[in-house]
Amino acid sequence: MRIGAIEAGGTKFVCGIGNELGEIEDRTSFPTEAPERTLAQVIDYFKDKSFGAIGVGSFGPIDINPNSPTYGFVTTTPKPGWSGFDFLGALKRHFDVPYGWDTDVNAAAVGEATWGAAKGLDSCLYYTIGTGVGVGVYAEGKLVHGLMHPEGGHVLTRRHPEDDFAGVCPYHGDCLEGMAAGPALEARWKVKGHELPVDHQAWEIEAFYIAQALSSAILMLSPQKIILGGGVMQQPQLFPLIRAGVQKNLNGYVNAAEIVKNIDSYIVEPGLGTQAGLSGAVALGIRAFNQA
Ligand SMILES: Nc1ncnc2c1ncn2[C@@H]1O[C@H](COP(=O)(O)OP(=O)(O)OP(=O)(O)O)[C@@H](O)[C@H]1O
Ligand SMILES: [Zn+2]
């Protein structure tokens, strides 16, 4: 079976065709522009291909409540033109197939749980630390939805004692995204993240905030694996700092071997590498196909 997959990012769109093994057989990508223009490119890509379902992992916030009149819409994004855009509706007008529709990070979480670093587990968290911070939550074999979808990138943080940076989140100032996403690093240190030396204090402060968020998430959700992706996590020195920070924060209270002894295989890179997003969209499509 072939599945259409769309990884809809704020910077670029990736479209592809995958199969039940999570293999990507064909793919293309293009920059995210105005919604009509971008969707025209998506439709053009899929129009002469065959597939049994389409999975979409989208930047957000998005409406994922099937009972809502605006189900399938992009909601409050500051991205010009996209707020209030009926993304799923635009696809449905062209392709009459079952649709999987979720956030980009929920897609990545289910992709990792199906074929990647959390394969065989029935829970995991997927964080992306990039232009923003997003968190996908997979628990008891399902993606977590409630009022809307989790927005764990905006959890509040306790300040690092040597950090007086105000934070850059337009909603919260010093939430996790406001303190630790790529643009926060750049605003705090006046250079882009990849230009900072590996032994710069920036990384200790960066890891301090990420470890805090992870510690709270572990206490709240008890995930069996935590996967960290996104541009900022291309800095490998962050992993040991974050792992040590989590152990320090939890202080032995969560007495699981994964944390106390084997944290190197508990907080990990995406098993699907940069393919996590697109493979995740395939996984969403497969689930939609099986439920239809
Ligand atoms: N090697 C690196 N080291 C540190 N920061 C980096 C590195 N590469 C990219 N970044 C930062 O990560 C951010 C881009 O993140 P990413 O590559 O995940 O893209 P994105 O898809 O736009 O992000 P998002 O997932 O939030 O939509 C930028 O702020 C950039 O400065
Ligand atoms: Zn915020």
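Residues numbered from 1 in each chain as written. Chains lettered and ligands numbered in written order. Predicted model: local features only at pLDDT ≥ 70, side-chain atom pairs only at ≥ 80, totals over all residues. Heavy atoms only, no water.

K.L.:
Can you walk me through the side chain of Thr103 in this structure?
P.N.:
Within the secondary structure layout, Thr103 lies in strand 5 (residues 99–103). Here the side chain of Thr103 touches Asn106 through a polar contact of 3.0 Å, landing on its backbone nitrogen. In this structure Thr103 touches Gly57, Ser58, Ile62 and His149, once residues within four positions along its chain are discounted. (Helix = DSSP H or I, 4+ residues; strand = E, 2+ residues; numbered from the N terminus. Polar contact = N/O pair within 3.5 Å; in protein donor to acceptor, adjacent residues only side chain to side chain. Contact = heavy atoms within 4.5 Å.)

K.L.:
Where do I start with the site of ligand 1 in this structure?
P.N.:
Neighbouring residues of ligand 1: 14 residues in total, closest Thr11, Thr131, Gly132, Gly231 and Gln235. The contact in question runs from an oxygen atom of ligand 1 to an N or O atom on the side chain of Thr11, over 2.9 Å. When ligand 1 is considered free in solution it has 640 Å² of accessible area, and contact with the protein chains removes 68% of it. For the shell around ligand 1, a count of residues per class yields 2 nonpolar, 12 polar and no charged. (Near = heavy atom within 4 Å. Areas by Shrake-Rupley, 256 points an atom, 1.4 Å probe, with all protein chains shown as cover. Nonpolar A, V, L, I, M, F, W, Y, C, P; charged D, E, K, R; others polar.)

K.L.:
Honestly, the confidence of the model for the protein chain in this entry has me stumped. Any pointers?
P.N.:
Parts of the prediction with low pLDDT should not have their coordinates interpreted in detail. With 100% of its residues at a pLDDT of 70 or more, the protein chain has an overall mean of 97. We note a pTM of 0.96 for the whole complex and an ipTM of 0.97 for its interfaces. (pLDDT = per-residue confidence, 0-100.)

K.L.:
Sorry, what's going on with the packing of aromatic side chains here?
P.N.:
Two aromatic rings, taken as a pair, are described by how far apart their centres are and by the angle between their planes. Overall, the coordinates contain 13 aromatic pairs when judged by the stated rule. Their ring planes at 75 degrees and their centres at 5.5 Å tell us that Phe46 and Phe51 sit as a pair that is edge-to-face. With a centroid separation of 5.3 Å and an interplanar angle of 80 degrees, the aromatic rings of Trp82 and Phe85 are classed as edge-to-face. One aromatic cluster is present, formed by Phe13, Phe30, Phe59, Trp82, Phe85, Phe87 and Trp101 through successive ring pairs. Looking at Lys49, its charged tip hangs above the ring of Tyr45, at a distance of 3.9 Å from the centre. (Phe/Tyr/Trp six-rings, centres within 6.5 Å; stacked < 30°, edge-to-face > 60°. Lys NZ or Arg CZ within 6 Å of the ring centre and 35° of its normal.)

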